[in-house]
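As a plain string of letters, each chain reads:
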Amino acid sequence: MTPRTRTTTPVDALTEALREGISARLEDLRAQGRTLDLGDVDALAERMLAALPTVHPLDQPLGPFYDTAGLIAWLGISRQALFDRVRRGTVLACRTADGHLVYPSLQFGRNGAVRPGVVEAIGAFTRRGVDGWSIGAWLTTPTPVFGGQSAIDYLVVHRSSSTAARFVADRAASDAAAWAA
């Protein structure tokens, strides 16, 4: 596939990229004397859509969120691996009133890795038993400590430099200890 130069919308660009990729795959299979069986196209489309964040009533200020199915599809990991990351405090999960876990998309970079500084902050609070919603609030609430910005915005402005990541991680460890006292 070739990089998109100028398409009307991101949806158009994605649709075109999928069209080109599927066509190329079809041609490769035909060259081998095989056919392309997409199976249940609606189910395939649902799996593809699972890689996109969902809309949730609590989207502001933490959202949008991934649900469990969407996040494991995007990251290409098992449900158990995701839950292990949540348990270890390396991925932020927030439990909804109906018991489901949602994962704020703000914690992830484009490659699916949790942003530097954020992963350490999540861990510091998780080890102290702080719930996901409180951690999310800490990450997104502007504070004088970060020059009037939130921890997330501070990291974005400083491009998640090692100095900024360490500063956020240190503040998180300090606040988590104070909250637990």
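Just above sits the structure.
Rules used throughout
Residues numbered from 1 in each chain as written. Predicted model: local features only at pLDDT ≥ 70, side-chain atom pairs only at ≥ 80, totals over all residues. Heavy atoms only, no water. Buried < 20%, exposed > 50% of the residue type's maximum accessible area, 1.4 Å probe, protein only. Helix = DSSP H or I, 4+ residues; strand = E, 2+ residues; numbered from the N terminus. Pairing = 2+ DSSP bridges. Phe/Tyr/Trp six-rings, centres within 6.5 Å; stacked < 30°, edge-to-face > 60°. Contact = heavy atoms within 4.5 Å. Axes fitted to C-alpha atoms, helices over the stretch in contact; angles between N-to-C directions. Expected span 1.5 Å × (residues − 1). Arc of directions from axis to C-beta.

**Student:** How would you explain the pairing of strand β3 (residues 101-104) if you had to name every residue and give the values?
**Tutor:** On β3, burial covers both faces: Leu101 and Tyr103 on one face and Val102 and Pro104 on the other are all buried. Here strand β1 (residues 65-67) pairs with β3 via three bridges, running antiparallel. Bridge pairing in β3 places Tyr66 opposite Tyr103. In sequence, strand β2 (residues 94-95) turns back onto β3 through a hairpin of five residues, with Gly99 there showing a positive phi of about 90°.

**Student:** Any details on the packing of aromatic side chains? Residues and values, ideally.
**Tutor:** Counted by the stated rule, this structure contains 10 aromatic pairs. Centre to centre, the rings of Trp74 and Phe108 are 5.7 Å apart; their planes meet at 85°, and the pair counts as edge-to-face. Taken together, the residues span a long stretch of sequence, with Trp74 in helix α4 (residues 68-75) and Phe108 in the loop between β3 and α6 (118-126) at a distance of 34 residues. For Phe108, a relative accessible area of 4% gives the class buried. Their ring planes at 45° and their centres at 4.9 Å tell us that Phe125 and Trp179 sit as a pair that is tilted. Residue Phe125 is found in helix α6, and its partner Trp179 is found in helix α9 (residues 162-180); the two are separated by 54 residues along the sequence. A relative accessible area of 44% places Trp179 in the partly exposed class. Among the aromatic residues, ring-to-ring pairing joins Phe125, Trp138, Phe146, Tyr154, Phe167 and Trp179 into one connected group.

**Student:** Just give me the short version of the sheet that holds β2, but keep the residues and values in it.
**Tutor:** Taken in spatial order, the three strands make up an open sheet running β1-β3-β2, and their pairing is antiparallel. Of all the strands in the sheet, the pair left with one neighbour each is β1 and β2. Pairing analysis gives two bridges linking β2 to β3, with the strands arranged antiparallel. Bridge pairing in β3 places Arg95 opposite Leu101. Against the sheet, α4 touches β1 and β3, its axis set at about 90° to β1.

**Student:** Requested: an account of unusual backbone geometry, with residues and values cited.
**Tutor:** Unusually for a residue other than glycine, Arg159 sits at a positive phi of about 50°. For Ser160, which is not a glycine, the phi torsion comes out positive at approximately 50°.

**Student:** Requested: an account of helix α1 (residues 10-31), with residues and values cited.
**Tutor:** With 22 residues, α1 should reach 32 Å at 1.5 Å per residue; the first-to-last C-alpha distance of 31 Å fits that figure. Ala13, Ala17 and Leu29 are the residues of α1 that are buried. One side of α1 carries all its buried residues, which in axial view fall inside an arc of 135°. Exposed positions of α1 whose direction lies more than 90 degrees from the buried face are Val11 and Arg30. After α1 finishes, the residue Gly33 shows a positive phi value of roughly 75°.

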